[in-house]
Amino acid sequence: MSEDTNLKRREFIGNGAKLAAGLTIAPGVVVYGLSEASVPDRPAEEPASSERRWGMLVDSNKCATGCDKCVTACGEENGWDDSEPNSSPEQKAQWIRKVELRHKGTGKSHSLPMMCQHCENPPCVDVCPTNASMKRADGIVLVDRHRCIGCRYCMMACPYKARSFIHETLTDQEPHMPRGKGTVESCTMCVHRVDEGREPACVEECPEQAILFGDLNDPDSAIAQALTRYDSTAVREDLGLNPGVRYRGI
Amino acid sequence: MKKTLYTQIEGGKGFWALLAGFGVVILAGLASMYYMEHNGHWVTGMNNSVVWGTPHVFAIFLIVAASGALNVASIGSVFGKKMYKPLAPLSGILAVALLVGGLAVLVLDLGRPDRLIVAMTNYNFKSIFAWNIILYTGFMAIVAIYLWMMLEKRFNKYSTSVGTFAFVWRLLLTTGTGSIFGFLVAREAYDAALMAPMFVVMSFSFGLAIFMLVLFASYRMTGRPLGDYVVRRLKNLLGVFVAGVLYFVLVYHLANLYATEHHGVESFILTSGGIYTMLFWVGQILLGSLVPLAILYNPATGNSRGWISIASVLVIFGGLSQLYVLLIGGQAYPMKTFPGYEVTSSFGDGMIASYSPTLPEVLLGISGFAIALVAVTIAVRHLRALPASLADGETDPHAA
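About the cut-offs
- Residues numbered from 1 in each chain as written.
- Chains lettered and ligands numbered in written order.
- Predicted model: local features only at pLDDT ≥ 70, side-chain atom pairs only at ≥ 80, totals over all residues.
- Heavy atoms only, no water.
- Helix = DSSP H or I, 4+ residues; strand = E, 2+ residues; numbered from the N terminus.
- Buried < 20%, exposed > 50% of the residue type's maximum accessible area, 1.4 Å probe, protein only.
- Contact = heavy atoms within 4.5 Å.
- Areas by Shrake-Rupley, 256 points an atom, 1.4 Å probe, with all protein chains shown as cover.
- Buried area = accessible area lost by both parts, 1.4 Å probe.
- Salt bridge = Lys/Arg side-chain N within 4 Å of Asp/Glu carboxyl O.
- Polar contact = N/O pair within 3.5 Å; in protein donor to acceptor, adjacent residues only side chain to side chain.
- Nonpolar A, V, L, I, M, F, W, Y, C, P; charged D, E, K, R; others polar.
- Patch = residues over 30% accessible without salt bridge, like charges linked within 9 Å, V, L, I, M, F, W, Y side chains within 5 Å.
- Axes fitted to C-alpha atoms, helices over the stretch in contact; angles between N-to-C directions.
- Parallel < 35°, antiparallel > 145°, perpendicular 65-115°, else oblique.
- Pairing = 2+ DSSP bridges.
- pLDDT = per-residue confidence, 0-100.
- Phe/Tyr/Trp six-rings, centres within 6.5 Å; stacked < 30°, edge-to-face > 60°.
- Lys NZ or Arg CZ within 6 Å of the ring centre and 35° of its normal.

**So, the overall build of chain A**
Helix and strand counts for chain A come out as seven helices and 11 strands. In chain A, which comprises 250 residues, the share counted as buried stands at 56%. Put simply, of all contacts in chain A between residues at least 6 apart along the chain, 63% involve residues at least 24 apart. Accessible surface, chain A as shown: approximately 10,600 Å² in total, 51% of it carbon and sulfur.

Listed below in structure tokens is the structure:
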């Protein structure tokens, strides 16, 4: 698919979503993806604000086993798919992955995407000696790749295995997503898109609309509404990290 | 006891041969570092599951041993044991040298060693790594002053107070190193406050083993007398330290075995972990602890310097095994992201991670030892740090 077509499709989806803002099928049932329309953009000169906290709600009931469209979309968007020809599969970066779960006692299965959980209290930020791991005021956890010394302590500390180390020289990077050999990286919640008022690539590409993105601090946002209405869990809730990504159905 | 006479070592052929030998190892380490940094770490055994590999095992071993090597000086200055006082300058020099060697390996294995200046100018004061940068540089400065106080007669009177400060600092330093792991909640094999005191006792043991080998070798090579009294005291102390480490290892595993949630990781390390299980039982417990204890306390071997040297080498091997099992085994065992579930993914979730050390990683690690030993050799050539004699008459207060 050419870049133009891609753009048009995304614009179309974006506009469609804007039109459908707040659409409900029945009282209390919000249509995911369609309802989360308004991601307000942030002018470049304006700093990220703690008035917002970006988050995601993943519905594992909708997430299909074997489908990895979110993974493909993330890799294409951020340029980490097929970018490390020399690295072994264990060494290649994976910002998002599909995880298959089977309960040992009951046998119940689940499928869901795992990525950086954008914790309120991120262990990666705690341990980073140089402040390269950081949390933006709006809750997005990032690595400043100009400041990362490649010590990998954040990878030791992250309980979600969300981070990847770049084992080789990279070429043909995406202009909006600089990356580099010897540094650590992870899901940025598509910060470049969010700042432009667009949703993360994985959210947009999920055919089941299983991922809802929005401002957790805005009580009127679809994600905040859904979180008050439905049971949801944080992965490793016991650690008290308060991730910005929550899951339904597990 | 007589007044100790300290002298420099001679700078003859032996001195240069020693430097050349260590130099070759250092060059091999630097070449390995260049190879890994130029290509990127894909040429090493590390991956996104096992992110700290063999260089970290060596680096942390050397850093832990560094603080322990200072123990001999502390026993003299802080606890007033007269026999240890003549050994204090060598103890201080070895401590700084081992720390330099360990830090060199750590830094040269970074993804971006060229950005060391970033680490020096940007501190996150919540990071234990950042604390350690301060603890390590502070240690070098304090021990340097301590050495100055010991070697300059006019300042000898201050050596007890500076030595006490250095002793407290070294305890903090090893606490900091142990806490790199102890404060990590994500991984089951770590996440225990016990790591800090365990690392302190490990430092006593590893540091003394290296100290004894360096002492024996330097006295043998320079033809200086070394009496049995010093050797016997040191080897008995080493035995106590080895037993101390065993005690901490026992408590650590008992605590994990008691809690059902840790049975998985325990059975991995103790029974089903392949290389890690073998290194634990054969490397760490048998060869690294029980055999040295038997050698040191058996009268038939405990009085032989050859056997004591073998015991010291085994303690070092056991220490490296212990850190390999803890560091790499602890990462190889999968994190419990979803307790109660079987987990599979393309990123190794729920699976034992693979790691095989490569030659460049091993060479870089070994070069840390060579860096430390070159530093010691040069220091004892240029400083009057080694007593001319450690014969029984010089050191044993009960000798006739």
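**Notes on the interface of chain B and chain A**
Between chain B and chain A, the contact holds 53 residues from the first and 55 residues from the second. In total, chain B and chain A occlude about 4,700 Å² of area from one another, counting both sides; carbon and sulfur atoms represent 55% of this. The tally of links from chain B across to chain A stands at four salt bridges. A salt bridge links glutamate 342 of chain B to arginine 102 of chain A; the shortest N-O distance between them is 3.6 Å. Counting across the interface, chain B meets chain A through 40 residue pairs in polar contact (both at pLDDT 80 or more). When residues of the side of chain B that touches chain A are traced back to their parent elements, those giving at least two are α1 (13-39), α5 (116-121), α6 (128-151), α7 (159-182) and β2 (341-345) of chain B. Top contributing element to the side of chain B that touches chain A by residue count: β2 of chain B, with five residues. Here the side of chain B that touches chain A is built from residues that sort into 23 nonpolar, 21 polar and nine charged.

**Let's talk about unusual backbone geometry**
Residues and elements named next belong to chain A. For aspartate 172, which is not a glycine, the phi torsion comes out positive at approximately 50°. Mapping aspartate 172 onto the fold places it in the loop between β8 (164-165) and β9 (184-185). Overall, the relative accessible area of 75% leaves aspartate 172 in the exposed class. Positive phi values are uncommon outside glycine, yet methionine 189 reaches one of about 55°.

**Some points on a nonpolar patch on the surface**
Residues and elements named next belong to chain B. A cluster of nonpolar side chains, namely Ile275, Met278, Trp281, Val282, Leu286 and Leu290, defines an oily patch on the protein surface of about 540 Å² accessible area. The residue leucine 286 is located in helix α11 (residues 275-297) in this model. Residue classification places leucine 286 among the partly exposed residues on the basis of a relative accessible area of 41%.

**Side note on the packing of helix α2 (residues 54-69) of chain B against helix α8 (residues 195-221) of chain B**
Residue and element names in this part refer to chain B. The geometry of α2 relative to α8 is characterised by a closest axis approach of 6 Å and an angle of 80° between their N-to-C directions. Judged by the inter-axis angle, α2 sits roughly perpendicular to α8. Where α2 approaches α8, its residues Ile60, Phe61, Val64, Ala65, Ser67, Gly68 and Ala69 are matched on the opposing element by Phe199, Met202, Ser203, Phe204, Phe206, Gly207, Leu208 and Ile210. Partitioned by chemical class, the residues of the contact of α2 with α8 number 11 nonpolar, four polar and no charged.

**Let's talk about the sheet that holds strand β3 (residues 54-59) of chain A**
Pairing between sheet strands relies on hydrogen bonds along the backbone, with the strands arranged either parallel or antiparallel. All names here are of chain A. Strand order in this open sheet of three strands is β10-β3-β11, and the pairing throughout is mixed. A single partner strand is all that each edge strand has here, and the edge strands are β10 (211-215) and β11 (245-248). In this sheet, adjacent strand axes meet at a mean angle of 20° when their direction is disregarded. Relative to β10, β3 is paired through five bridges, and the arrangement is antiparallel. Note that in β10 the partner of glycine 55 across the bridge is glycine 214. Against the sheet, helix α7 (residues 222-229) contacts β3, β10 and β11, and its axis sits at roughly 115° relative to β10.

**Re the environment of leucine 237 of chain B**
Mapped onto the elements of the fold, leucine 237 of chain B is located in helix α9 (residues 228-258). Ignoring any residue separated from it by four or fewer positions in sequence, one finds leucine 237 of chain B in contact with Ile75, Tyr84 and Leu208 of chain B.

**Looking at the confidence of the model for chain A**
Residue and element names in this part refer to chain A. Chain-level statistics for chain A give a pLDDT mean of 88 and a share of 85% at 70 or above. In the predicted structure, residues 1-25 sits below a pLDDT of 50 and forms 26 contacts with residues beyond four places in sequence or in another chain. This stretch, residues 27-37, has a pLDDT under 50; its non-local contacts, to residues over four places away or in other chains, come to 44 contacts.

**Some remarks on the packing of aromatic side chains**
What the rule picks out here adds up to 23 aromatic pairs over all chains. Both rings, one in phenylalanine 280 of chain B and one in tryptophan 281 of chain B, keep their centres 4.9 Å apart while their planes meet at 80°; by these two values the pair is edge-to-face. According to the relative accessible area criterion, phenylalanine 280 of chain B is buried, its value standing at 4%. Members of the aromatic cluster, each reached through a chain of ring pairs, are Tyr153 of chain A together with Trp52, Phe129, Phe181, Tyr190 and Phe199 of chain B. The side chain of lysine 161 of chain A reaches across the aromatic face of phenylalanine 347 of chain B, ending 5.0 Å from its centre. Above the face of the phenylalanine 15 of chain B ring, arginine 381 of chain B is positioned so that its terminal group lies 5.9 Å from the ring centre.

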